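A closer look at the structure
Next come the chains, spelled out residue by residue.
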Amino acid sequence: MNTEEHLLRKIIELLNDSSNYAILRNYQNIPKQISRDIDIIIKRDDFFKIRKLLVSVLNEHGYQVLMYYKGGEMHSIIFTSSKNEETFLLSFDFIFSIYVRDMILFTADQVLKSKQYNGLLYHVRKDWEYIAKYAYNTILGVPYPAKYFEIKKEAESLYKKEIDEHLNSIGIGTSGKRKVLSIRVLLFRTHPWLSFIAICRYLYYSIYNTLSVQGISIGFSGPDGSGKTTVINCLIKELSSVFGDIRVFHFRPNLYGNLSDVAHSAGLKKTVDHHYHLPHRGQKTGNISSFLRLLYYSTDYFFGGLLKIRSLLFKRNIVIFDRYYTDIICDSRRSRIYLPVKFLYVWGRCFIPSLDYNILLTASTETILARKKELDKEGIESINRKIDYLSSKPRFYKIMNDGTPQATVTEILRIVFENQHYKNIKRIV
């Protein structure tokens, strides 16, 4: 029995002893095969009773809280551990009802009445496993997934009468027709107080999560040859088992085009230099030109951050920037913004949306020159001096990438995991 299997057995024992719960789906192979997400139907009071105990058990096994999301009808906790340059992720969704947005379709009590025990854990009966997915997709107008057809077939063969009764009770039926307004009215007539509380909770947590997004933003800056692309690819591989949609942006949100292309379209420039493989090809600019460039990019960071990046973080995604505003500070030749480092830093603090983690990835001059022979020593050392200046600032982390990419990723994840745990544990205890 490996460590993760042993840990999951302990968690199941905790649930068995202290709560009224049932695993919603993918329970057949637990604990030998740990799925990406473990969905658990549980009574709200029972969840709050075991929450600290659950965290304590996982902490004893070296797991930290990477993310803790609070919703009206679901709390989600992602735990993570890094051992011997290998990352382990465990994700639990504690669900208090079968719901769609602000509508409670079925309470946990209704589902748990027929829960079943397989000798190790409690799980929902097959009809509820089907109804949970079918009702949710039907109301949202999304086709029932083909990969769940076997569940549908088995559920209908065993519990056709029960399925019809439950679906008819919320105004859906088995025809698959979506009548959101009529469903909402029916729920209010049947359970007015419960429906009112569900809407209040939904509004409260929508505001709460808008103000305190749970996604994670990471930016990478550093000289060419520091290994940013390789490290980013390794990082995505480590986190993709739980975070299915990791978005990568290059330099800025790109709400609008490159400055040269925009100037060309406006007739202000006759030709456009598209030799992007030569990032330091441009001529040095003066203060006015540099400041105008800074204004242009800053509007993209600000409005693009609001319109594109924040919505992704609101959905609990991970957003990675391969270079960010920090690159303007570190590498003037690339952005052609030649302004004082301290001024650019203060400007960023005032007008640029901050990232959770700014990774200043670099290596020794000798290592970088060995990787990128076309670079010059003076340019590398100039960038590294600016990196040293930024490394003392909040949310900036200097990482030396002279070794293997995996060792570097392990160090980055250590920083992220420790900081996320410190932030989230305060919200739990």
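Residues numbered from 1 in each chain as written. Predicted model: local features only at pLDDT ≥ 70, side-chain atom pairs only at ≥ 80, totals over all residues. Heavy atoms only, no water.

1. Digging into the confidence of the model for the chain
- Looking at the chain as a whole, the pLDDT averages 88, with 91% of positions reaching at least 70.
- Segment residues 270–278: pLDDT under 50, and 11 contacts once partners within four positions in sequence are set aside and those in other chains are kept. (pLDDT = per-residue confidence, 0-100. Contact = heavy atoms within 4.5 Å.)

2. Some words on the sheet that holds strand β10 (residues 216–221)
- The sheet built from five strands is open, its strands ordered β11-β12-β10-β13-β14 with parallel pairing. Since the sheet does not close on itself, it has two edges, and those belong to β11 (246–250) and β14 (396–400), each with one partner. Averaged over all pairs of adjacent strands, the angle between their axes in this sheet comes to 20 degrees, without regard to strand direction.
- With five bridges connecting them, β10 and strand β12 (residues 318–322) associate as parallel partners. Within β12, the position partnered with Phe220 by the bridge is Asp322.
- With respect to the sheet, helix α15 (residues 377–390) is in contact with β13 (357–362) and β14, its orientation differing from that of β13 by roughly 145 degrees. (Pairing = 2+ DSSP bridges. Helix = DSSP H or I, 4+ residues; strand = E, 2+ residues; numbered from the N terminus. Axes fitted to C-alpha atoms, helices over the stretch in contact; angles between N-to-C directions.)

3. Observations regarding empty space enclosed by the protein
- By the definition in use, this model includes four cavities of 30 Å³ or more.
- Lining the largest cavity are Asp102, Met103, Ile104, Arg184, Leu187, Phe188, His191, Leu194, Ser195 and Ile199.
- Elements with a minimum of two residues in the lining of the largest cavity: β7 (103–107), α6 (180–190) and α7 (192–211).
- Split into classes, the residues belonging to the lining of the largest cavity amount to six nonpolar, two polar and two charged. (1 Å grid on protein atoms, 1.4 Å probe; cavity = no way out; pocket = protein on both sides within 12 Å on 5 of 7 lines; lining within 4 Å. Points joined across faces, edges and corners; volume = space filled by probe spheres on them. Nonpolar A, V, L, I, M, F, W, Y, C, P; charged D, E, K, R; others polar.)

4. Points about a nonpolar patch on the surface
- Side chains of Leu255, Phe302, Phe303, Leu306 and Leu307 sit close together on the surface and give an oily, nonpolar patch of about 480 Å² of accessible area.
- Among the structural elements, Leu306 can be located in helix α10 (residues 287–314). (Patch = residues over 30% accessible without salt bridge, like charges linked within 9 Å, V, L, I, M, F, W, Y side chains within 5 Å. Areas by Shrake-Rupley, 256 points an atom, 1.4 Å probe, with all protein chains shown as cover. Salt bridge = Lys/Arg side-chain N within 4 Å of Asp/Glu carboxyl O.)

5. Digging into the side chain of Asp102
- On the secondary structure map, Asp102 appears in the loop between β6 (97–100) and β7.
- In this structure the side chain of Asp102 is engaged in a polar contact, spanning 2.9 Å, whose partner is the side chain of Arg184.
- Aside from chain neighbours lying at most four places away, what touches Asp102 is Arg184, Ala198, Ile199 and Tyr202. (Polar contact = N/O pair within 3.5 Å; in protein donor to acceptor, adjacent residues only side chain to side chain.)

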